[in-house]
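Close look at the chain arrangement
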Amino acid sequence: MSASASMEEFEALLNESFEIDTPDEGSVVKGRVIAIEAGQAIIDVGYKMEGRVELKEFAEPGEQPNVNVGDEVEVFLRQVENAKGEAVISREMARREEAWDRLEKAYADENRVEGAIFGRVKGGFTVDLGGAVAFLPGSQVDVRPVRDAGPLMGLKQPFQILKMDRRRGNIVVSRRAILEESRAEQRAEVIGNLTEGQAVDGVVKNITEYGAFVDLGGVDGLLHVTDMAWRRVNHPSEILSIGETVKVQVIKINKETHRISLGMKQLQADPWDSVEIKFPIESSHTGRVTNITDYGAFVELEPGVEGLVHVSEMSWTKKNVHPGKIVSTSQEVEVMVLEIDPAKRRVSLGLKQTMRNPWEVFAETHPEGTQVEGDVKNITEFGLFVGLDNDIDGMVHLSDLSWDQRGEEAIQSYQKGDVVQAVVTEVDVEKERISLSIKALDDSFTGATEGVRRGSIITVTVTSIEDGGIEVEYEGAKSFIRRSDLSRDRAEQRPERFQVGDKVDVRVTNVDQKTRRLGLSIKAREIAEEKEAVEQYGSSDSGASLGDILGAALKGDN
């Protein structure tokens, strides 16, 4: 064995003996309390070393030091020897190391750990976990925000470790996780005792837009707004207030999510069971408008029973108007029941059916020939629309505007808003149509032709000579005699032989009040006169010639 080799071995053995005799600085060692003096415990840590530890390091937060002479304790060896020749030791650091080992195991096993809140820091609290200090965030103190954590200080209680980092010395714990777990157990127990259909008492804890949360004794159930009452409820606060005790029925329990659905209306009689008896078809009732949509209005007949008045059943006259223009929310209205579908819980109602059809009323009160007055509501290419009673319109067709002008010309003289008079010519209730005539107001023709019948001989004045005949006038009524009616003799059927202003006797062949036309003929007058002469003076068979007869007739006239 060389000298150098033996030296290395000797050093190795020496180092080994040092390691046995002298523990490493920065490790936890066992020691015995040999004396307590001046607020310190003197501890023999072996290896011919002693050290001192402040008594308060043996105390739990808020408690008295618990240490006696002879106790065996673990301490942390910070330094083997200081200037006084003593070991520098710490019970607190030993506790911390010990605690970390214990806590890391608990964290790995997801076990709870015991600790006590002992201080307040920014954002939360400090917790002593038996030697290690952890951070408890404010949000993790309780299930609900805690205003005053005073009563919780110093109490030994379980915590859940959320996060650990030994290198940085960080531990984050939660008290809330423990509470939630116990709440879940409590919930499971409460839910286990509930059955669907059961009626229970609960306390209203919270109210939202869509319903209310009801505490059934450690477990919340949702009472949806549609299950509060048979009638329409716009907001739960209409019928509930926080803190109120209510009787509810358990509608549904979801075993997986532990969600409980509750109802109040289920404990009351369903008004739909008696709808068909209370509201027979075609019966009229007073209801209240609860909601207005684009397609109609909902009317409450009684609490829990609503019907829809479709927009088409709202008014006889307002066809394309938004329901909000006809009725308003909360208005009392009279409606008629048109249809009931109990399976779908639907009632169809009519508003216009409670009022008489205005066209029927008009037909009764305005027979044909009645004169009416109204504003021009609209002007179209085929006539005027005139506003009449009860929001209904009548129409004056182009052809009924004037006797003398063409319709297209006559309509130019009318404007929207003009007040006009007209005569009712027809009322069609089925088609909701009223025909009016403005030209029928002018009955001068009727006056002029009063007493004139078919076959009458009248004297007319020639007013115009045309190629096809002559225009004549009788008491202001104009007529036209066609060329073929100017004479019995074809050679005399010439309009030129007449002059404007000539007086001519004519026979009336037709009186048309509608077109204000008189059918007139000179030829017909001549034939009638000949016939009369023959009757008066004998027939041509008796030997008398037509010339004799006419001659005799003419002499008689003289």
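Right above here is the structure, for reference.
The structure reproduced in this document is the subject of the present report.

The rules behind the values
- Residues numbered from 1 in each chain as written.
- Predicted model: local features only at pLDDT ≥ 70, side-chain atom pairs only at ≥ 80, totals over all residues.
- Heavy atoms only, no water.
- Helix = DSSP H or I, 4+ residues; strand = E, 2+ residues; numbered from the N terminus.
- Buried < 20%, exposed > 50% of the residue type's maximum accessible area, 1.4 Å probe, protein only.
- Contact = heavy atoms within 4.5 Å.
- Areas by Shrake-Rupley, 256 points an atom, 1.4 Å probe, with all protein chains shown as cover.
- Salt bridge = Lys/Arg side-chain N within 4 Å of Asp/Glu carboxyl O.
- Pairing = 2+ DSSP bridges.
- Axes fitted to C-alpha atoms, helices over the stretch in contact; angles between N-to-C directions.
- Core = buried A, V, L, I, M, F, W, Y, C linked by side-chain atoms within 4.5 Å.
- Polar contact = N/O pair within 3.5 Å; in protein donor to acceptor, adjacent residues only side chain to side chain.
- Phe/Tyr/Trp six-rings, centres within 6.5 Å; stacked < 30°, edge-to-face > 60°.
- Lys, Arg positive; Asp, Glu negative; His and termini not counted.

Description of the overall build of the chain
Of regular secondary structure, the chain possesses nine helices and 30 strands. The proportion of buried residues among the 558 residues of the chain is 37%. Put simply, of all contacts in the chain between residues at least 6 apart along the chain, 57% involve residues at least 24 apart. In the form shown here, the chain has an accessible surface area of approximately 32,900 Å², with 46% of it arising from carbon and sulfur atoms.

Some thoughts on the pattern of salt bridges
Under the criterion given, the structure shown has 11 salt bridges. Notably, a salt bridge pairs Glu360 with Arg356, separated by 3.6 Å at the nearest N-O pair. Under the relative-accessibility criterion, Arg356 is labelled partly exposed at 46%. Within this structure, Arg356, Glu360 and Glu364 form a network of salt bridges that share partners.

Some thoughts on the sheet that holds strand S11 (residues 199-207)
Across a sheet, strands are paired by hydrogen bonds formed along the backbone, either parallel or antiparallel in direction. The sheet built from five strands closes into a barrel, its strands ordered S11-S12-S13-S15-S14 with mixed pairing. Taking the axes of each pair of neighbouring strands and ignoring which way they run, one obtains an average angle of 55° across the sheet. For S11 and strand S14 (residues 245-253), the ladder comprises five bridges, and the chain directions are antiparallel. When the bridges of S14 are listed, Gly202 appears paired with Val246.

Observations concerning the nonpolar core
Core analysis: the biggest nonpolar cluster contains 21 residues, and Leu384, Leu388, Leu401, Leu436 and Ile438 have the highest contact counts within it. Where this core is concerned, the elements lending two or more residues are helix H5 (358-365), strand S21 (371-380), strand S22 (383-387), strand S24 (419-428) and strand S25 (433-437). Tallying contributions element by element places S24 first for this core, with three residues. Ignoring anything within four residues of it in the chain, the contact list for Leu401 reads Leu384, Val396, Gly407, Ala410, Ile411, Tyr414, Ile438 and Lys439. Counting residues in each nonpolar core, the second largest holds 20 residues, with Ala99, Leu129, Leu136 and Ala149 among its members.

Comments concerning the sheet that holds strand S26 (residues 457-465)
Taken together, the five strands give an open sheet; going across it, the order is S28-S27-S26-S29-S30, and neighbouring strands pair in antiparallel fashion. Unpaired on one side and paired on the other, strand S28 (477-482) and strand S30 (517-521) mark the two borders of the sheet. Across the sheet, the mean angle from the axis of one strand to that of its neighbour is 50°, orientation sign disregarded. With six bridges connecting them, strand S27 (residues 469-474) and S28 associate as antiparallel partners. Bridge pairing in S28 links Ile470 to Ile481.

Quick look at the side chain of Ser487
Here Ser487 is to be found in the loop between S28 and strand S29 (503-512). In this structure the side chain of Ser487 is engaged in a polar contact, spanning 3.0 Å, whose partner is the backbone nitrogen of Asp489. Ignoring sequence-local partners within four residues, the contact set of Ser487 consists of Glu492, Gln493, Arg497, Lys523 and Glu526.

Topic: the packing of aromatic side chains
Summed over all chains, the structure comprises two aromatic pairs. Here Phe382 and Phe385 contribute two aromatic rings whose centre-to-centre distance is 6.3 Å and whose plane-to-plane angle is 80°, an arrangement assigned as edge-to-face. Taking the relative accessible area as the measure of exposure, Phe385 reaches 23% and is therefore partly exposed.

Topic: the pairing of strand S13 (residues 220-224)
One face of the sheet, then the other: side chains in a regular strand alternate in exactly this way. As paired elements, strand S12 (residues 211-215) and S13 share five bridges and run antiparallel to each other. Bridged to Phe213 within S13 is Leu222. Two successive antiparallel strands, S12 and S13, enclose a turn made up of four residues, where Gly217 displays a positive phi of approximately 100°. Two elements, S13 and strand S15 (residues 260-263), share two bridges in a ladder whose sense is parallel. When the bridges of S15 are listed, Leu223 appears paired with Leu262.

Observations concerning the side chain of Lys352
Note that Lys352 resides in the loop between strand S20 (346-350) and H5. Although buried, Lys352 forms no salt bridge, and the nearest oppositely charged side chain, Glu313, lies 4.2 Å from it. Contacts of Lys352, omitting those with residues within four sequence positions, involve Ser312, Glu313, Met314, Ser315 and Trp316.

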